[in-house]
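# Structural characterization, general
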Amino acid sequence: MAAASDSILNFGISRSSSTSTTRSPSYSYSHRRRSSRPCSVRMQVSADAKTNNTFSLKNSEEAFSAAKDLMPGGVNSPVRAFKSVGGHPIVIDSVKGSRMRDIDDNEYIDYVGSWGPAIIGHAHDKVLAALAETMKKGTSFGAPCLLENTLAEMVISAVPSIEMVRFVNSGTEACMGALRLARAYTGKQKIIKFEGCYHGHADALLVKAGSGVATLGLPDSPGVPKAATSDTLTAPFNDFSAIEKLFETHKEQIAAVILEPVVGNSGFVVPKSDFLNAIRRITKENNTLLIFDEVMTGFRLSYGGAQEYFGIVPDLTTLGKIIGGGLPVGAYGGRRDIMEMVAPAGPMYQAGTLSGNPLAMAAGIQTLKLIKEPGTYEYLDKITGELVKGILEAGKRAGHSMCGGHINGMFGFFFTEGPVYNFADAKKSDEAKFARFYWGMLEEGVYFAPSPFEAGFTSLAHTFDDIKMTIAAAERVLLQL
Ligand SMILES: Cc1ncc(COP(=O)(O)O)c(C=O)c1O
């Protein structure tokens, strides 16, 4: 492994005293260090029910109560509302590196990373500088800019399946565009998606859509017209025989198979060996397009995404999160002959007022530059492997049934013996235990995703000390569950 040198990785910050020899910047974010304290594990932490006087969520509770009158459920995206772990969400004031700070001045080691984008850590100095520089020229042109060419070239040279790319503003838009394109290109109507895979909230895709919807206990969403989903077929992830049957039953009708190559929206679920290859084979045989939704896995499992990691080239790929460096971005891309169907090169219409805006492009370019440095994925593998191993061992010592895993900077664990191959397996996880674990960890200063059906993310800003502190906290919490 090529360990990255300090000079290459000039994060502009002080290094920690960690014993690590690999890249592991420690941000000198002048946060109060949390002392380790006895944890009182409970579903809901309220200001007047504290067992210690260092952890208060009073300001968060007040702010969230006010928010509930202003926005549905108090949030702008459902999983943030903490429905599956109970209690109120913490309200964030600022982020830097591997840390988040809430409006009560509590500091957390963050394993959500804004749901994936923060692979170099939050608010990286170089990204902030690029944004400040770009902003001097304006925030949106609604016209072509050079930064679009730069990011497009970077994406095309990194992702094996992408010969041309269209930038949009979110992962949802990317998946909507890719599906419309697949239908336009093949002239077929039906699509196959997998249970527990989430591809954004477009009508046709809001079927058995994993974490966010499951957290609310909704099988699908009211308001989605039947007609919008009548051509959406579903199968359990990792079940190739179910796919064979669908192709048999709907001969010549399937435009696309869309999937998360490693699922992050049922918790962290990896494909069985040969599952993705088998899907690649059957889609080719049936003139069906294979779409890898790499909104989460793109640039995270490797620089070229899951398709590079597994060595399988889909026809179309969707991206988001990391390529926007923390600003709103999505993209879809693929073979030139397919992409040239997109307007104005071709007849398939898709557009966006803010698409390719200079700020999002600048943040994405800086982020990709930093993760392209040697050592990135080796470092993520090392810290994340250590984290998951430590948590699972602590769980075992405390007598809990747990399983989990990681690939480079993406990970997950379940409170069930496993193995977990699909969403039905994931749902065997003890959700009440997860909720108690969740609140215990929060009180210890560790922020995981507030749902048992979400993957976790590490970043280049996480240090070995962060990992050690997290494992030590998990030991204490797991013993009390
Ligand atoms: C795999 C996947 N696809 C699509 C989306 C939708 O992206 P966005 O929330 O940017 O619309 C997500 C969001 O988490 C995702 O994880």
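Structure's up top.
Please read these numbers as outputs of a predicted model, since none were measured by experiment.

## Observations concerning the overall build of the chain
- Helix and strand counts for the chain stand at 15 helices and 14 strands.
- The burial tally for the chain puts 58% of its 481 residues in the buried class.
- Once local pairs closer than 6 in sequence are excluded, the contacts in the chain between residues at least 24 apart make up 73%.
- Carbon and sulfur atoms make up 53% of the accessible area of the chain, which amounts to about 19200 Å² in all.

## Regarding the packing of helix 3 (residues 146–158) against helix 11 (residues 358–372)
- Close contact between helix 3 and helix 11 brings their axes to 9 Å; oriented N to C, the two are set at 35°. Judged by the sense of rotation from one axis to the other, the crossing of helix 3 with helix 11 is left-handed. Residues Leu 147, Glu 148, Thr 150, Leu 151, Met 154 and Val 155 of helix 3 pack against Pro 358, Met 361, Ala 362, Gly 364, Ile 365, Leu 368 and Lys 369 of helix 11.
- The residue inventory of the contact of helix 3 with helix 11, partitioned by class, reads 9 nonpolar, 2 polar and 2 charged.

## Overview of the sheet that holds strand 11 (residues 403–407)
- Taking strand neighbours across the sheet as the criterion, the 3 strands line up as 11-12-14 in an open arrangement whose pairing is antiparallel. Across the chains shown, the open sheet's two edge strands, defined by having one partner strand only, are strand 11 and strand 14 (456–457).
- Note: strand 11 against strand 12 (residues 410–414), 5 bridges, orientation antiparallel. Across the sheet, the residue bridging to Gly 405 is Gly 412, located in strand 12.
- Against the sheet, helix 12 (residues 376–397) touches strand 11 and strand 12, its axis set at about 175° to strand 11.

## Here we look at the sheet that holds strand 7 (residues 254–259)
- As summarised here, the arrangement of the 7 strands in space is 4-10-9-8-7-5-6, forming an open sheet in which the pairing is mixed. Looking at which strands have only one partner, the edges of the open sheet turn out to be strand 4 (164–168) and strand 6 (232–236). For this sheet, the mean angle separating the axes of adjacent strands, direction not counted, is 20°.
- Here strand 4 runs beside strand 10 (residues 330–334); their pairing, made up of 5 bridges, is antiparallel. Bridge pairing in strand 10 links Phe 167 to Ala 331.
- Helix-sheet contacts for helix 3 involve strand 4 and strand 9 (316–320), and the interaxial angle to strand 4 is about 125°.

## Quick notes on empty space enclosed by the protein
- The full count for this structure, using the stated rule, is 1 cavity of 30 Å³ or more.
- Taken as a whole, the largest cavity spans an internal volume of roughly 110 Å³.
- Considering the residues around the largest cavity, the lining is formed by 13 residues, among which Phe 413, Phe 434, Ser 451, Glu 454 and Gly 456 are closest to the centre.
- Ranked by residues supplied to the lining of the largest cavity, first place goes to strand 12 with 3 residues.

## Some words on the site of the ligand
- Around the ligand, the neighbouring residues are Ser 170, Gly 171, Thr 172, Tyr 198, His 199, Gly 200, Glu 260, Asn 265, Asp 293, Val 295, Met 296 and Lys 321.
- Between the ligand and Asp 293, the relevant distance is 2.6 Å, taken from a nitrogen atom to a side-chain nitrogen or oxygen of the residue.
- Contact distances for the ligand include 2.9 Å between an oxygen atom and a side-chain N or O atom of Lys 321.
- If the ligand stood free it would expose 390 Å²; the protein chains cover 81% of that surface.
- Partitioned by chemical class, the residues of the shell around the ligand number 3 nonpolar, 6 polar and 3 charged.

## Some thoughts on the nonpolar core
- In terms of nonpolar packing, the biggest core is built from 71 residues, with Val 155, Phe 167, Phe 299, Ile 371 and Phe 448 touching the most fellow members.
- Sequence-distant contacts of Phe 167, defined by excluding residues within four places in its chain, comprise Glu 148, Leu 151, Ala 152, Val 155, Ile 323, Val 329, Gly 330, Ala 331, Ser 355, Gly 356 and Met 361.
- Counting residues in hydrophobic clusters, the runner-up holds 30 residues, among them Phe 240, Val 269, Cys 403 and Ala 426.

## So, unusual backbone geometry
- With an omega of 10°, the peptide bond between Ala 343 and Pro 344 qualifies as cis.
- By the secondary structure assignment, Pro 344 is in the loop between helix 10 (336–339) and helix 11.
- Omega for the peptide link from Gly 418 to Pro 419 comes to 0°, which places this bond in the cis form.
- With respect to the secondary-structure elements, Pro 419 resides in the loop between strand 12 and helix 13 (423–426).
- The phi angle at Phe 82 is positive, at roughly 65°, despite the residue not being glycine.
- Relative to the elements of secondary structure, Phe 82 occurs in the loop between helix 1 (58–70) and strand 1 (92–96).
- Taking the relative accessible area as the measure of exposure, Phe 82 reaches 1% and is therefore buried.

Calculation rules
- Starting afresh in each chain, residues are numbered from 1 along the sequence in its written order.
- Where totals are concerned, whole chains, interfaces and linings use all residues; where local detail is concerned, this predicted model gives features only for residues with pLDDT of at least 70, and gives and counts side-chain atom pairs only at 80 or more.
- Each side-chain value is worked out from all heavy atoms of the structure, with water and hydrogens disregarded.
- Helix and strand assignments come from DSSP, with helices taken as H or I runs of at least 4 residues and strands as E runs of at least 2, each series counted from the N terminus.
- Whether a residue is buried, partly exposed or exposed follows from its accessible area with a 1.4 Å probe, protein chains only, as a fraction of its type maximum: under 20%, in between, or over 50%, in that order.
- Contacts between residues were defined by any pair of non-hydrogen atoms, one from each residue, lying within 4.5 Å.
- Per-residue and other accessible areas were derived by the Shrake-Rupley procedure at a 1.4 Å probe size, with only the shown protein chains allowed to occlude residues.
- The convention used is that axes are lines fitted to C-alpha atoms, helices contributing only their stretch in contact, and that angles between N-to-C directions extend from 0 to 180 degrees.
- Handedness of a crossing is defined here by the sense of rotation of the near helix relative to the far one, left-handed for an anticlockwise turn of less than a right angle and right-handed for a clockwise turn.
- Each residue is assigned to one class: nonpolar for Ala, Val, Leu, Ile, Met, Phe, Trp, Tyr, Cys and Pro, charged for Asp, Glu, Lys and Arg, and polar for all the others, Gly among them.
- The criterion for strand pairing is that DSSP finds at least two bridges linking the strands in question.
- With a 1 Å grid laid over protein atoms only, a set of points is called a cavity when a 1.4 Å probe fits there but cannot get out and a pocket when it is open yet has protein on both sides within 12 Å along at least five of seven lines; lining residues have an atom within 4 Å of a point.
- Grid points are joined across faces, edges and corners, and a volume is the space filled by probe spheres set on the points.
- Any residue with a heavy atom positioned within 4 Å of a molecule or strand is treated as near that molecule or strand.
- Two N or O atoms count as a polar contact when they lie within 3.5 Å, although within protein this holds only if one can serve as hydrogen donor and the other as acceptor, and sequence-adjacent residues are included solely when both atoms are side-chain atoms.
- As used in this record, nonpolar core signifies buried Ala, Val, Leu, Ile, Met, Phe, Trp, Tyr and Cys residues forming a set joined through side-chain atoms within 4.5 Å.

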